[in-house]
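# Commentary on secondary and tertiary structure
The lines below spell out each chain.
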Amino acid sequence: MGKDYKLRFNPALDGLRGVAILLVILSHAHVPLFEGAFFGVDLFFVLSGYLITSLLLMEMQSAGRLDYWRFYRRRFFRLMPALALFLGTYCLVAPFLWPDLTDIYSDALVSILYLADYGIAFFDSPDTLLHMWSLSVEEHFYLIWPPLLVLVLRFTPAGKAWRAIALLWLLSSLWRIFWVLEGQQFYEIFFRFDTRVSGLFAGALLAALLVEKPQFYETMKAQRSYAMWLPLAVPLLMALQWDNHDAMIWGIPVVECAAVVVLLAVHQHRGLVYEMLTAPVLMKLGQWSYGIYLWHYPVVRYLRADYSWPVVVVAGLAISTLLAALSFYTIERWAMRMRDAGKPPLKPAGPASEQPQSTASSAAKPQGSAQGKAPQRKEPNLATRAQA
């Protein structure tokens, strides 16, 4: 049987997801002074790009090729069952909550086909499921990135793939800025895959650096404490209001770089940032973050029509977390068992190589946690957020 490609469990990444989902809820609840909390989605993007690319590079190092069927099958079973459950429930309940809505079923169709990013940007659909755009962005990345990464590895010198990925990150950021300068509407830029993929490339770049370890890697690691001022600047971005193009030009790059710094800081499983992100509440929110993200927007949208923002935040988070927990312990656990029942990974093309220890992290929706000096537990599941 071939080697299974898993990443060392890092509980701090659950905590980072917890921070991201809290920011998203604050944004959608229209909390004062948190207009820029929509940057929480960018944390998901960077984390998803980092995790997926780490796994793909690990498989390429060990087997010399990628098992595309296995990759896409695992993504399907991790993401689609929970999404289908949410959308099915939405189609049943929404007509009673919003009897005047006429686009409930078309919104659900666009969402389950992962077309919400371009649908919102150019066709204003889906409207009542506005948060589906980020899932579409990540799904498009999952579709194109494995074959694109294989091409990058094939046509770049050994240990130099990080250069090509860095170029992709730079070009994708410049592409977004180009459309700002062209005068395109904010929402047309904000929601699209081609203008938001930079965060996923930023995470992919970090994964490549940790695996390939170029000459400046040790210097970068030794100097990472001096870069911690960057995450401290992120709260200042909360003042950036929706429709402010500064968010597209420099706000997103700052958040992406800050997320990379945080991931690098928790990579060694120690330090102040690691301890902060392994707070039990944050870790539990992170564990259920995919489900919370799915359920929160209709809940928050319904509550904010009649209640003040404190009620919307507290009740919205509580209801969304409850629904996410029900989804996690029923349909998602079943789906993960189905996912893990698939065929084993490809056997290495040559002698089996050791898994690169430099890619220590958790899979995207891990189970449980380990803290302090307790023995590290193998993460049984691979999942992507996804990442909004």
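Small disclaimer: the values here were computed from a predicted structure and weren't measured.

## With respect to the overall build of the protein chain
When you go through the protein chain residue by residue, the secondary structure sums to 17 helices and zero strands. Within the span of the protein chain, comprising 388 residues, buried residues form 56% of the whole. By element, 68% of the accessible surface of the protein chain is carried by carbon and sulfur atoms, the whole surface being about 16,500 Å².

## Remarks on the confidence of the model for the protein chain
Within the protein chain, residue pLDDT values average 86, and 86% of them lie at 70 or more. The model gives residues 349–388 a pLDDT under 50, and that stretch makes 146 contacts with residues more than four places away or in other chains.

## Structural notes on the packing of aromatic side chains
Tallied over the entire structure, the rule returns 28 aromatic pairs. On the basis of an interplanar angle of 85 degrees and a centroid distance of 5.8 Å, the ring pair of phenylalanine 45 and tryptophan 133 is categorised as edge-to-face. Of this pair, phenylalanine 45 sits in helix α2 (residues 40–63) while tryptophan 133 sits in helix α6 (residues 132–155), and the two are 88 residues apart along the sequence. Here phenylalanine 328 and tyrosine 329 contribute two aromatic rings whose centre-to-centre distance is 5.1 Å and whose plane-to-plane angle is 90 degrees, an arrangement assigned as edge-to-face.

## Considerations on a nonpolar patch on the surface
Taken together, the side chains of Leu92, Val93, Leu97 and Tyr302 make up a nonpolar region of the molecular surface, amounting to roughly 360 Å² of accessible area. Looking at the nonpolar patch element by element, the count peaks at three residues for helix α3 (residues 68–97).

## Re α2
Over its 24 residues, α2 extends 35 Å from the first C-alpha to the last, a length consistent with the 34 Å expected when each residue adds 1.5 Å. Of all 24 residues that make up α2, 23 are buried, and the element is covered over most of its length. Glycine 64 sits one or two residues past α2 and shows a positive phi near 80 degrees.

## Details of the pattern of salt bridges
Two side chains that carry opposite charge are able to pair once their charged atoms sit near each other. Under the defined criterion, the tally for this structure stands at seven salt bridges. Close ionic contact of glutamate 332 with arginine 78 constitutes a salt bridge, the shortest N to O distance being 3.0 Å. Remark: arginine 78 occurs in helix α3 and glutamate 332 occurs in helix α17 (residues 309–340); sequence separation between them is 254 residues. Taken as a pair, glutamate 332 and arginine 78 share a single burial class, namely buried. One salt bridge in this structure joins aspartate 340 and arginine 339, with 3.0 Å as the shortest N-O distance. Members of the salt-bridge network, linked through shared partners, are Arg74, Arg339 and Asp340.

## Notes on the environment of arginine 73
Examined against the element boundaries, arginine 73 turns out to sit in helix α3. Sequence separation between arginine 73 and arginine 339 is 266 residues; the distance between their C-alpha atoms is 7.0 Å. At 2.9 Å, the side chain of arginine 73 and the backbone oxygen of arginine 339 are in polar contact.

## Quick word on the nonpolar core
Core analysis: the largest hydrophobic core is formed by 114 residues, its most contacted members being Phe39, Tyr50, Leu83, Trp133, Trp145 and Leu294. With 14 residues, the top contributor of residues to this core is α2. Not counting residues up to four positions away in its chain, the partners in contact with tryptophan 133 are Val41, Phe45, Ala116, Asp117, Ile120, Phe190, Phe191, Arg196 and Tyr293.

## Focus on the side chain of threonine 195
Relative to the helices and strands, threonine 195 resides in helix α9 (residues 193–196). Among the residues examined, threonine 195 registers a relative accessible area of 1% and is labelled buried. A distance of 3.2 Å separates the side chain of threonine 195 from the backbone oxygen of arginine 192, its partner in a polar contact. In this view, threonine 195 contacts Trp175, Arg176, Trp179 and Ile189; residues no more than four positions away in its chain are not counted.

## Quick look at the packing of helix α16 (residues 289–304) against α17
One way to put it is that α16 packs onto α17 with a least axis distance of 8 Å and a crossing angle of 145 degrees. Between α16 and α17 lies a crossing of right-handed hand. Across the interface between the two elements, Tyr290, Gly291, Ile292, Trp295, His296, Val299, Val300, Leu303 and Arg304 from α16 touch Val312, Ala315, Gly316, Ile319, Ser320, Thr321, Leu323, Ala324, Ser327 and Glu332 from α17.

## What about α3?
With 30 residues, α3 should reach 44 Å at 1.5 Å per residue; the first-to-last C-alpha distance of 41 Å fits that figure. The principal kink in α3, of about 35 degrees, is found at cysteine 91, preceding the proline proline 95 by one to four residues.

## Considerations on the environment of alanine 158
Relative to the helices and strands, alanine 158 resides in the loop between α6 and α7 (161–181). Separated by 54 residues in the primary sequence, alanine 158 and glutamate 212 have C-alpha atoms spaced 8.6 Å apart.

## A short note on the packing of helix α1 (residues 11–28) against helix α15 (residues 280–287)
In contact at an axis separation of 6 Å, α1 and α15 are set at 80 degrees when each is read in the N-to-C sense. Here α1 lies roughly perpendicular to α15, going by the angle between them. Contact residues: Pro11, Asp14, Gly15, Arg17, Gly18, Val19, Ile21 and Leu22 in α1; Leu282, Met283, Leu285, Gly286 and Gln287 in α15. Looking at the contact of α1 with α15, its residues break down into seven nonpolar, four polar and two charged.

## Overview of unusual backbone geometry
Cis geometry marks the peptide bond from serine 125 to proline 126; its omega dihedral reads 5 degrees. Following the sequence through the fold, proline 126 ends up in the loop between α5 (116–123) and α6. Non-glycine residue leucine 33 carries a positive phi angle of around 70 degrees. Among the secondary structure elements, leucine 33 is positioned in the loop between α1 and α2. Residue leucine 33 is classed as exposed on the basis of its relative accessible area, which comes to 69%. Even without a glycine there, the phi angle at tyrosine 114 is positive, about 55 degrees. Of note, tyrosine 114 is situated in the loop between α4 (104–112) and α5.

Calculation criteria
- Residues numbered from 1 in each chain as written.
- Predicted model: local features only at pLDDT ≥ 70, side-chain atom pairs only at ≥ 80, totals over all residues.
- Heavy atoms only, no water.
- Helix = DSSP H or I, 4+ residues; strand = E, 2+ residues; numbered from the N terminus.
- Buried < 20%, exposed > 50% of the residue type's maximum accessible area, 1.4 Å probe, protein only.
- Areas by Shrake-Rupley, 256 points an atom, 1.4 Å probe, with all protein chains shown as cover.
- pLDDT = per-residue confidence, 0-100.
- Contact = heavy atoms within 4.5 Å.
- Phe/Tyr/Trp six-rings, centres within 6.5 Å; stacked < 30°, edge-to-face > 60°.
- Patch = residues over 30% accessible without salt bridge, like charges linked within 9 Å, V, L, I, M, F, W, Y side chains within 5 Å.
- Salt bridge = Lys/Arg side-chain N within 4 Å of Asp/Glu carboxyl O.
- Expected span 1.5 Å × (residues − 1).
- Polar contact = N/O pair within 3.5 Å; in protein donor to acceptor, adjacent residues only side chain to side chain.
- Core = buried A, V, L, I, M, F, W, Y, C linked by side-chain atoms within 4.5 Å.
- Axes fitted to C-alpha atoms, helices over the stretch in contact; angles between N-to-C directions.
- Left-handed = near helix turned anticlockwise from the far one by under 90°.
- Bend = angle between axes of the 7 residues up to and from the residue.
- Parallel < 35°, antiparallel > 145°, perpendicular 65-115°, else oblique.
- Nonpolar A, V, L, I, M, F, W, Y, C, P; charged D, E, K, R; others polar.

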